[in-house]
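Take a look at the letters that make up each chain.
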Amino acid sequence: MKMTFKAFAKKLFGVNLERLKRTFFIYLIVFWGLYIADFRIEIAPVILYLMAVSFTAGVMRQALSSPDNAAYVRHMLMLPFDCRQFVLPYIAALGAYTLLTKTAALLMLLLAVSDQAPAAILGSILCSVNAVLMAAAIYSFRKYWYAGGFWAASLIAAILFLGNSPMFLPLLIVNGVLAAMVLQRADGYSFCPSDAGNSRAVKRRKRHSVWRYLLRYLLSHKNYLLNTVVMWGAACVLPVFFKQMESQFMVPIGFAILSMNTPVCILLSCDPSFEQAVRFLPDQKRAFCIPYCLFIFACNMTANMIFLFSLQMHNGNVTVFMTAAALFFALLSAVCSVLLEWFYPIRDWKIESDLWHHPRKYIFPAIMLLLAGLLFA
């Protein structure tokens, strides 16, 4: 078990944990910079718990379903050892990666800008650990998705209704022990993603179509499609959270948030073999980059229009200038995303979650906010 954990830890953190050390150094600088800036917002413990659970569970799910990680798991399971003894060290390695490199960033950011009691900090850590264990346990019996959905909904309900209760922390401990017991009985092969959906026959066509490929890619990666749908759902509810703000300040913030649809903006980085094939195409910049740019633009513009429609329903006062700004920012985000992918694709990533949470995705939303500040001032 110790050897299995070391094998995955070296893959995720580096041979001498150099990746973890570098990451923590950056997090400490960001935390200290935000803390001394004396910028404070009020975050209720329940909201802190929900953010920790949802973010951690999402990252853990991405790590478990990563194609690169799945290939590594298959190779490990070919070795002669009890596959049940494989599960706990494997989940421990992925859980440590999730908590120390992803969730730590979220918690440091939230704790730097809000004042939280020690009990709330402990609760957020326990919620994160529970999210790791539950995500792995639910993934192991994903055929019974309705049971996993009920379990996840029960945890969210417990946070909403018992988050401020003294019995909440003991409840988290019991839930974590239950998830660990489920994992102890899980089989190692249950963590190998099924490739059945990729073996379907594809109809032969006389002409190529980048749009057809992008749509097929999105449909074959359900987590990419789900993220796009979630962004559209966020576009509906953002005006509700921004009710206290004036529309002229709400609109650019909404456009910047909705432009961070990471999965559709990393199609070259996440598939090096596809990138190599694209670069061998004749007239590849026009043949691939233009349709890809229009594809991202369509996704961004759909989210922006949903946001403006929701804003009109809740607050009113949506102007022609705001609609033009939606077109401009959707196109700007699409062009910048394609340029980044073409000239500066992300290299040396370990698992797909690294791509989803790479700091690069915040560059152009930040530029958009600055530009929007000039336009809407």
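Residues numbered from 1 in each chain as written. Predicted model: local features only at pLDDT ≥ 70, side-chain atom pairs only at ≥ 80, totals over all residues. Heavy atoms only, no water.

**Considering the overall build of the chain**
Thought 1: Each helix and strand in the chain was counted, giving 16 helices and zero strands.
Thought 2: Here the chain, with 377 residues, has 44% of them falling under the buried criterion.
Thought 3: Surface accessibility of the chain: about 20500 Å² in total, with carbon and sulfur atoms responsible for 70%. (Helix = DSSP H or I, 4+ residues; strand = E, 2+ residues; numbered from the N terminus. Buried < 20%, exposed > 50% of the residue type's maximum accessible area, 1.4 Å probe, protein only. Areas by Shrake-Rupley, 256 points an atom, 1.4 Å probe, with all protein chains shown as cover.)

**Considerations on the confidence of the model for the chain**
Thought 1: Per-residue pLDDT for the chain averages 80, and the proportion of residues at 70 or more is 86%.
Thought 2: Here helix H15 (residues 352-356) stands out as the least confident element of the chain, with mean pLDDT 67; helix H6 (residues 118-140) is the most confident, with 93.
Thought 3: Every residue in residues 196-202 scores below 50 in pLDDT, and together they form two contacts with partners more than four places removed in sequence or on other chains. (pLDDT = per-residue confidence, 0-100. Contact = heavy atoms within 4.5 Å.)

**Details of the packing of aromatic side chains**
Thought 1: Taken as a whole, this structure holds 12 aromatic pairs when the rule is applied.
Thought 2: Ring geometry for Trp 145 against Tyr 146: centres 5.8 Å apart, planes inclined by 75°, an arrangement best described as edge-to-face.
Thought 3: You can call Trp 145 exposed: its relative accessible area is 64%.
Thought 4: Ring geometry for Phe 255 and Phe 329: centres 6.0 Å apart, planes at 45°, overall tilted. Residue Phe 255 is found in helix H11 (residues 247-258), and its partner Phe 329 is found in helix H14 (residues 320-343); the two are separated by 74 residues along the sequence. Judged on exposure class, the residue Phe 255 and its partner Phe 329 are both buried.
Thought 5: Chaining the aromatic ring pairs together yields one cluster made of Phe 255, Phe 307, Phe 328 and Phe 329.
Thought 6: The cationic tip of Arg 142 hangs over the ring face of Tyr 139; the distance from NZ or CZ to the ring centre is 4.2 Å. (Phe/Tyr/Trp six-rings, centres within 6.5 Å; stacked < 30°, edge-to-face > 60°. Lys NZ or Arg CZ within 6 Å of the ring centre and 35° of its normal.)

**Quick word on helix H7 (residues 145-162)**
Thought 1: Along its 18 residues, H7 runs 25 Å from first to last C-alpha, staying within 8% of the 26 Å computed at 1.5 Å per residue.
Thought 2: Packing partners of the buried residues in H7 comprise helix H3 (45-65), H6 and helix H8 (168-184). (Expected span 1.5 Å × (residues − 1).)

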